Amino acid sequence: MSETQQTIVEQPLDGRPPSVAHLFLERVAATPDREAFRYPVPSPGGGPDDWASYSWGEVARRVFAIAAGLMDLGVLPEERVAIASTTRVDWILCDLGTMCAGAAVTTVYPTTNADETAYILDDSDSKVLVAENAAQLAKVREQRDRLPGLRHVVVIEAADAVPAEGDPEGWVLSLAELAERGTAYLEKNPQCVEETVAGLRREQLATLIYTSGTTGRPKGVRLRQDTWSYMGYAIEETRLVTSEDVQYLWLPLAHVFGKVLLTSHVKLGHVMAVDGRIDRIIENLPVVRPTRMCGVPRIFEKVYNGVAMKAKAGGALKYRIFTWAARVAKEYARVSQESHRRTGTASVPFGLRLQHTLADRLVYSKLRAAFGGRIEGCVSGSVALSPEIGYFFCGAGIPILEGYGLTESAAASFANRLDSFRTGTVGKAFPSLEVRIAEDGEILLRGPGIMDGYHNLPEQTAEVLDPDGWFHTGDIGELSDDGYLRITDRKKDLFKTSGGKYVAPSEIEGRFKALCPYASTMAVIGANRNYCTALVALDEPAIMGWAKENGLEGRDYAQVVADERTRALVEGYVAELNAGLQRWQTIKKFRLLPRDLDVEHGELTPSLKLKRPVVEAEYRELIDGMYEGA
């Protein structure tokens, strides 16, 4: 391995305890009466939700009961407890309870289908599943023959914890019943939680987070106890969140981005408002009035587009005012950031300041009010945020601080700081993290946030973790002289949607060609987009044969491809393809190409591999058309 750059950023974070469970006990002891969580309580009359809260002391009582309940079920240290639920405060209580029982959490997206849910539970050897409701319970009932090691299913929604014929005795119980068992266990063993936490070691497994792989099955990323303890301290050091903040959490907790926010919450002790219903974000913001919020680019894109469309609907004058204000915001942000970079002080010319002041009264102040009126900054991660969107929000008084990390690095490796951020970069490295830029531009990382490896996959682990402990990210980047990282490319074709989901296009393309006898080539598109689309080229002899039999005789290839009957034919195969994919992998739109792809036009290599950049550049208009209005 050859490197062109290396940097060790800041001093190591020493003196931290070995686990988040330790941090949790310290937090409860320090601030038992302080508010920890806010969560929505549906109104009986169907009106706006009420919001309730837990103090840290109340959280501890619930967490201890869950932890002791798991011990009573026979769960041992490092054994896995899986959670399949939307983001809600109960998810967090079960996560903390599992860690205080010394066990490890396996995360499962609630949208994961039954087959893949069973794969994750089996591969992780999870002993207990915490299922949100009857729908999640049904998935494992359907696949129970594949899960001989799954001893219990704990259902959060008590009304859904109904045993069925054929269930082993005691296999299904409600979360309330688990807590009751735990309370009884604590009466007999009052120190069981404290003693278990005291025995936790830094190197013990804390979490298995499954991330999509190119083989068609997700890979379990092994993150140890010390990793999360480190993250809590590192986020405190960077001041991305402070102890005085109110943070709004809606991100999926099965994703590492959501999970890492729980760690910093325990370390810092701020207020966390929790509601994973994405359709309630706009409604919740003025109620929660957060000072911090984390999200993926798609959320900020939707806000921006929503504001623009609202202005356009208000008439020509309002739309002109908005477009002018957006232009001013972007210019103001660019100038002030460049000034800060050069001189250490953010300053802008007098004329631009005057325009910005007027635009603030007309536009920006209303946008900040929609965020609750107290927002000091947002953190964006998972995939790249468009700099134009970043500059707009910065200029409007809502700085979006981009960060960078992967599941394999516990979500957070780099982040912009509020007092020195640069739009278009992912900021500086976290404390104790070593960074190298390899000769081919790949970003390499080493430090306490890096995974131990992929669960049960030693060969794939060796592909990304070298013997010296360097993690090969697969991303290409550049480091500035003062340590700011800019991500420039992805080393492999694997991409993320703007919602933060990994997609392996070649796997989807291969499935489609196996399903559709008329397909020649498919190119799946979706990097940094909010859904996947595809360009489809048809095999000329095959489709022309079909055309002859279906009333299209005498037409040439381009005319056949353009016919609605041909589109309907392919649409049926796309629907069949989608039925076997995860929701975020599905092809929402497609376009048929007017000719097949070939070597002569430079779209295929001599070995007939797809040259994605060439194809995407050549058919840019078709691709952009599939995202108009999205």
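First things first, this report covers the structure right here in the doc. (Residues numbered from 1 in each chain as written. Predicted model: local features only at pLDDT ≥ 70, side-chain atom pairs only at ≥ 80, totals over all residues. Heavy atoms only, no water.)

## Remarks on unusual backbone geometry
For step 1, the next point in the chain: Notably, D125 is not glycine yet its phi reads approximately 55°, a positive angle.
For step 2, the next point in the chain: The residue D125 is located in the loop between α4 (114-124) and β6 (126-131) in this model.
For step 3, the next point in the chain: Since its relative accessible area comes to 33%, D125 is described here as partly exposed. (Helix = DSSP H or I, 4+ residues; strand = E, 2+ residues; numbered from the N terminus. Buried < 20%, exposed > 50% of the residue type's maximum accessible area, 1.4 Å probe, protein only.)

## Some words on the environment of I209
For step 1, the next point in the chain: The topology assignment puts I209 in strand β9 (residues 205-211).
For step 2, the next point in the chain: Taking the C-alpha atoms as reference points, I209 and H455, 246 residues apart in sequence, are found 9.6 Å from one another.

## Things to note about the state of the cysteines
For step 1, the next point in the chain: Under the defined criterion, the tally for this structure stands at zero disulfides.
For step 2, the next point in the chain: In this structure C378 is not part of a disulfide, and its nearest cysteine sulfur, from C294, lies 7.9 Å away.
For step 3, the next point in the chain: The structure places no disulfide on C394, whose sulfur is separated from the nearest cysteine sulfur, that of C378, by 12 Å. (Disulfide = S-S within 2.5 Å.)

## Notes on the packing of aromatic side chains
For step 1, the next point in the chain: Per the stated rule, a full pass over the model turns up eleven aromatic pairs.
For step 2, the next point in the chain: One aromatic cluster is present, formed by F300, F322, F371, F392 and F393 through successive ring pairs.
For step 3, the next point in the chain: Here the guanidinium or amino end of R144 rests over the ring plane of W171, the centre of that ring lying 5.1 Å away. (Phe/Tyr/Trp six-rings, centres within 6.5 Å; stacked < 30°, edge-to-face > 60°. Lys NZ or Arg CZ within 6 Å of the ring centre and 35° of its normal.)

## Overview of the pairing of strand β25 (residues 519-525)
For step 1, the next point in the chain: With six of seven residues buried, β25 is to be regarded as a mostly interior element.
For step 2, the next point in the chain: Counting the residues in the hairpin turn of β25 and strand β26 (residues 532-538) gives six residues, including N528, whose phi is positive at 60°. (Pairing = 2+ DSSP bridges.)

## Examining the sheet that holds strand β8 (residues 172-174)
For step 1, the next point in the chain: Strand order across the open sheet formed by eight strands is β8-β7-β6-β4-β5-β9-β10-β20, with mixed pairing between neighbours. Single-partner strands in this sheet number two, and they are β8 and β20 (453-454).
For step 2, the next point in the chain: Summarising the sheet, strand β5 (residues 104-108) and β9 pair through three bridges and their orientation is parallel. Within β9, the position partnered with T107 by the bridge is I209.

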